[in-house]
Amino acid sequence: MTTTPQRAERVENASVTNRTYLPGFGNQHVTEAVAGALPEGRNSPQQAPLGLYAEQLSGTAFTAPRAENRRTWVYRIRPSAAHTPFRRISRRSLLASPVVNDCPEPNRLRWDPLPFPEGEVDFVAGLFTYGGTGDVRAQEGVAIHLYAATSSMTDSYFVDADGELLIVPQEGGLELRTELGVLDVAPQEIAVVPRGIRFQVRLRDARARGYVLENHGRMFTLPELGPIGSNGLANHRDFLTPVAAFEERDEPARVVQKYLGGLWAADYDHSPLDVVGWHGNYAPYKYDLRNFMVIGTVSFDHPDPSIYTVLTSPSGHAGTANADFVIFPPRWLVGEDTFRPPWYHRNVMSEFMGLVHGVYDAKAEGFVPGGASLHNCFTSHGADATTYERASTVELSPQKVDNTLAFMFETRLPVVVSEQAMAAAHRQHDYDAVWQGIGKRFTAPGGFASPAGVSLKNVPDHWD
Ligand code: FE2
């Protein structure tokens, strides 16, 4: 769908509270911050209007199928090429896939909230990598980070060549100033910044914390709906893209680029957010998770959590995602004769979970907002003892799960946890204890007779 040109003011004058957005997922948008910034009838005239430079930003191969093809034409004050050579800088606690860990372990893992840093730390410096899959060099897999920031970026900008960034704020609002316009995001919303798009993160509050999925694979799209039909889950129109907005700022600026796992910096003598108009379908967007239409049972049993998928990054294997973003929002539970929390399970897919606010219905305690858990490939998990006892004996009636928002980054590859996340002071070393105290309830003894003389102490330890 093509919309009529949308106009916005310069970034400096843009309203924080009444921001204008362009609705629709993956739409072809047309927007200009100054009337006449876009050429008519062609993309690259001999001279672009208003003395601007034309530049194409391709998010997919030129020849990608039409349904997947993403590109945007930008009309900017200076071409993005006008910068000094990149130089390597410290990446601090921001790591990359393949994540190095000499002894990845199969244990279930959980962390307390990522602590806020002392002093002034911005979004990029505040990123802390928990783990990853795949390899940035092969453009597959993901990296999983949390951020804890106490200051805005002012003269620096960030761009990730390794992956698109799915940002899930947990505490504090963010103002994402991007090349293509400004997004305001707050907890219970998400933002996606495609790879290669420069942006700056300003804090709307004194501090900010949240989760980031760095997607090295195919860009996020909406899941197929199958028998659900043409509506439901996350609807197209609720995804919001910024209108054009620009900074005309002729002062030194630094662009930090993540490239093949390293961080590099280059200097500009002006703001790189100088796009006055653009058209295309490769752009950042936001989505309010409260608009997600939740589908669940109205009879019995607990459906697979894939019904809660907001966005999916497909792999080359149908139905087996490089990454799924799944939420557990407020909803009614009405299943009859049903154990309503998640059943005990083991999955080939790996599950990294976070909590934006409230209480998650499978864990009575210990999993708190800003914290995280990882149930890697084929690790056993499910309700803790307290939750099982309550959910298996409670008198069932329609129940509203409210004031909560948990989510899951689910990936097809096992997550290699970083050594810094394993060694972190905020890791809970007693997580396994939540499955202690789940008693034997079997009421019809029988079955196989155990061979005489076999006990655990006689099991050989030759694997140690
Ligand atoms: Fe699970």
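Engineer: Tell me about the pairing of strand β27 (residues 405-411), residues and numbers included.
Structural biologist: Looking along a regular strand, one sees side chains alternate from face to face of the sheet. Along β27, seven of the seven residues are buried, which leaves the element largely enclosed by surrounding structure. Every second residue of β27 is oriented toward a common face, with Leu405, Phe407, Phe409 and Thr411 on one face and Ala406, Met408 and Glu410 on the other, all of them buried. Pairing analysis gives seven bridges linking strand β24 (residues 350-357) to β27, with the strands arranged antiparallel. Note on β27: the bridge partner recorded for Phe352 is Phe409.

Engineer: Quick rundown of the pattern of salt bridges? Include the residues and the values.
Structural biologist: With the rule as written, the count across this model stands at 24 salt bridges. The partner of Arg137 in a salt bridge is Asp135, and the shortest N-O contact between them spans 3.1 Å. One salt-bridge network, held together by shared partners, links Arg19, Glu175, Arg177, Asp184, Arg204 and Glu247.

Engineer: Please provide a residue-by-residue account of the pairing of strand β12 (residues 181-185), values included.
Structural biologist: Of all five residues in β12, five are buried; the element is thus mostly enclosed. In β12, alternate side chains face the same way, and those of Gly181, Leu183 and Val185 on one face and Val182 and Asp184 on the other are all buried. Two strands pair when backbone bridges link them, and strand β11 (residues 174-178) and β12 are joined in this way by five bridges, in the antiparallel orientation. Pairing of Arg177 across the sheet is with Val182, part of β12. Once β11 ends, the chain turns through two residues before running back antiparallel as β12.

Engineer: Could you give an account of empty space enclosed by the protein, with specific residues and numbers?
Structural biologist: One pass over the full model with this rule turns up seven cavities of 30 Å³ or more. One number sums up the size of the largest cavity: a volume of about 210 Å³. If you go around the largest cavity, you meet 21 residues; those closest to its centre are Pro342, His345, Glu351, Met353 and Tyr360. Where the lining of the largest cavity is concerned, the elements lending two or more residues are β24 and β25 (372-375). Of the residues that constitute the lining of the largest cavity, the class distribution is ten nonpolar, six polar and five charged. In this structure, the second largest cavity occupies an estimated 60 Å³ of space.

Engineer: I'd like to hear about the sheet that holds strand β1 (residues 21-23), residue by residue, with values.
Structural biologist: Here nine strands make up an open sheet; going across it, the order is β1-β16-β20-β13-β10-β15-β8-β7-β28 and the pairing antiparallel. The sheet terminates laterally at β1 and β28 (416-417), the two strands that pair on one side only. Here strand β13 (residues 189-193) pairs with strand β20 (residues 285-288) via four bridges, running antiparallel. By the bridge assignment, Val192 is partnered in β20 with Tyr285.

Engineer: An account of the coordination of the iron ion is requested, with residue identities and associated values reported.
Structural biologist: For the iron ion, the full set of protein donor atoms is His345 (NE2), Glu351 (OE), Glu351 (OE) and His381 (NE2), at a range of 1.9 to 2.7 Å. Coordination at the iron ion is irregular: its four donor atoms span angles of 52 to 148 degrees at the metal. Donor residues for the iron ion, ordered by position in the chain, follow H-x5-E-x29-H. Within this pair, whereas His345 is found in the loop between β23 (331-333) and β24, its partner His381 is found in the loop between β25 and α1 (385-393), the two being separated by 36 residues in sequence. Each of the two residues, His345 as well as His381, counts as buried.

Engineer: Which residues make up the sheet that holds β25, and what values do they have?
Structural biologist: In spatial order, the strands read β6-β25-β24-β27-β22-β21; together these six strands make up an open sheet with antiparallel pairing. Single-partner strands in this sheet number two, and they are β6 (109-111) and β21 (309-313). Sheet twist, expressed as the mean angle between neighbouring strand axes with direction ignored, is 15 degrees. With five bridges joining them, strand β22 (residues 323-328) and β27 adopt antiparallel strand pairing. Bridge pairing links Asp324 to Glu410 in β27.

Engineer: I'd like a description of the layout of surface pockets, backed by residues and values.
Structural biologist: Put simply, the largest pocket is a space of about 1400 Å³. Forming the walls of the largest pocket are 49 residues, and the residues nearest its centre are Met219, Phe220, Thr221, Thr312 and Pro314. When its residues are assigned to classes, the lining of the largest pocket shows 20 nonpolar, 21 polar and eight charged. Two domains each donate at least three residues to the lining of the largest pocket, and these are domain 1 (83-272 + 284-289) and domain 2 (292-435).

Engineer: I'd like a rundown of unusual backbone geometry, residues and numbers included.
Structural biologist: Of note, the amide linkage connecting Ser97 to Pro98 takes the cis form, showing an omega dihedral of 0 degrees. Within the secondary structure, Pro98 is located in the loop between β5 (87-89) and β6.

Engineer: So, the domain arrangement of the chain: which residues are in play, and what are the values?
Structural biologist: The extent of an interface is frequently quoted as the accessible surface area lost upon association of the parts. Here the chain is described as being made up of domain 1 (83-272 + 284-289) and domain 2 (292-435). For domain 1 and domain 2, the distance between their C-alpha centres works out to 23 Å. Tallying the contact residues gives 58 residues for domain 1 and 57 residues for domain 2. Summing both partners gives a buried area of about 5100 Å² for domain 1 against domain 2, and 64% of it is carried by carbon and sulfur. A per-residue breakdown of the area domain 1 buries against domain 2 is headed by Arg108, Arg110 and Trp111, which together make up 21% of the total. Taken together, domain 1 and domain 2 are joined by two salt bridges.

About the criteria used
Residues numbered from 1 in each chain as written. Predicted model: local features only at pLDDT ≥ 70, side-chain atom pairs only at ≥ 80, totals over all residues. Heavy atoms only, no water. Buried < 20%, exposed > 50% of the residue type's maximum accessible area, 1.4 Å probe, protein only. Helix = DSSP H or I, 4+ residues; strand = E, 2+ residues; numbered from the N terminus. Pairing = 2+ DSSP bridges. Salt bridge = Lys/Arg side-chain N within 4 Å of Asp/Glu carboxyl O. 1 Å grid on protein atoms, 1.4 Å probe; cavity = no way out; pocket = protein on both sides within 12 Å on 5 of 7 lines; lining within 4 Å. Points joined across faces, edges and corners; volume = space filled by probe spheres on them. Nonpolar A, V, L, I, M, F, W, Y, C, P; charged D, E, K, R; others polar. Donors = N, O, S within 2.8 Å, 3.2 Å for Na, K, Ca; no water. Tetrahedral: all angles 85-135°; square planar, octahedral: opposite > 155°, others 65-115°. Axes fitted to C-alpha atoms, helices over the stretch in contact; angles between N-to-C directions. Domains from an automatic or database assignment. Contact = heavy atoms within 4.5 Å. Buried area = accessible area lost by both parts, 1.4 Å probe.

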